Amino acid sequence: MDYIVRMIAKDAPIKAMAIQGRGLVQRAREIHNTLPVATAALGRTLMATSMLGAQLKEQDGSVTVRINGGGPLGSILAVADSAGNVRGYVQNGQVDIPLKGPAKLDVGSAVGTDGALTVIKDLRLKEPYVGTIPLVSGEIAEDITAYFAESEQIPTACALGVLVDTDLSVAAAGGYLIQLLPGASDQDIDKIEAGIARVGQVTTHLNQGMAPEDLLRTVLADFDLELLEQSPVEYRCYCSRERMKNALLSMGKQELMALIADQGRAEMTCQFCDAVHVFEKEELEELAASL
């Protein structure tokens, strides 16, 4: 089962969260039929967005993360609710590029750096919060770290990893966010940096069965940690026939009538889960008549 854990240090102004996301990344891979580098890029984005969503205090809020670096993968989009349930897609999931090293996927080159990372937080206010930064590396975790530093002024360490097996399935996926609160000392920062360097690649540990909470305890071994919460997360799409119907209605009567004349029916595919909703001519005519 995929889940997110939240922890705080009792002896330092530090908060942290970590995610086990193998199931949700595998579900995304199955839906979008992605090749390994696309699986890794989309998976990292989904898990980062899931943790950002889980940070929201608004029960019906949401977070959208959009990445477009000009690389062959095209744009990546992920949307999470305030429980951390997430959905997403990558524009060109069939991209295959050379490895960066032995068993090392070159996510940065596939994503590209000629573009931006945008975070949209819908806090159920009149206007959503929007933060955009230039991409730093296209490796996702470094870009999320830069986003927090530049847009929210929160010193953050982010690590994300997706290990793809030889049969293209997801062997391991997870990551963490460690954030400094006001009052953190240089000594605290040094300890965190030493822990990050000591642990290295998160997928190595997750693939060996390490739980997210133990991953945080290993990285933050120099601190006295308290587990605050553990909550399940999953790949969850909210598409429905009713939502698709509303999308058709939003086209307006003139465009809807033109669609009926041109195609006689509408076949709408959800970009997040690939579900297909078919509206026959009679139903389209009823929708047009209601406008």
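Preceding this paragraph is the structure being described.
A brief structural summary. These numbers were taken from a predicted model, which means no experiment stands behind them. (Residues numbered from 1 in each chain as written. Predicted model: local features only at pLDDT ≥ 70, side-chain atom pairs only at ≥ 80, totals over all residues. Heavy atoms only, no water.)

## Observations regarding the state of the cysteines
- Within this structure, the stated rule accounts for 0 disulfides.
- The thiol of Cys237 is not disulfide-bonded; the next cysteine sulfur, from Cys270, is found 3.5 Å away.
- For Cys237, a relative accessible area of 22% corresponds to the partly exposed category.
- Look at Cys270 and you get buried, because its relative accessible area is 6%. (Disulfide = S-S within 2.5 Å. Buried < 20%, exposed > 50% of the residue type's maximum accessible area, 1.4 Å probe, protein only.)

## Side note on the packing of aromatic side chains
- For the coordinates displayed, the defined rule picks out 2 aromatic pairs.
- Here Tyr147 and Phe148 contribute two aromatic rings whose centre-to-centre distance is 5.3 Å and whose plane-to-plane angle is 65°, an arrangement assigned as edge-to-face. In this structure, Tyr147 and Phe148 share a single accessibility class: buried.
- Here the guanidinium or amino end of Arg87 rests over the ring plane of Phe272, the centre of that ring lying 5.3 Å away. (Phe/Tyr/Trp six-rings, centres within 6.5 Å; stacked < 30°, edge-to-face > 60°. Lys NZ or Arg CZ within 6 Å of the ring centre and 35° of its normal.)

## Quick word on the packing of helix H8 (residues 241-249) against helix H10 (residues 281-290)
- Where H8 meets H10, the closest approach of the two axes is 10 Å, and the angle between their N-to-C directions is 55°. As far as their axial angle goes, H10 and H8 are oblique. Note on packing geometry: the crossing formed by H8 with H10 is right-handed. Note on element contacts: H10 touches H8 through Glu283, Leu284, Leu287 and Ser290, opposite Arg241, Lys245, Leu248 and Leu249.
- Residues of the contact of H8 with H10, tallied by class, amount to 4 nonpolar, 1 polar and 3 charged. (Axes fitted to C-alpha atoms, helices over the stretch in contact; angles between N-to-C directions. Helix = DSSP H or I, 4+ residues; strand = E, 2+ residues; numbered from the N terminus. Parallel < 35°, antiparallel > 145°, perpendicular 65-115°, else oblique. Left-handed = near helix turned anticlockwise from the far one by under 90°. Contact = heavy atoms within 4.5 Å. Nonpolar A, V, L, I, M, F, W, Y, C, P; charged D, E, K, R; others polar.)

By themselves, these observations are geometric and do not establish any function.
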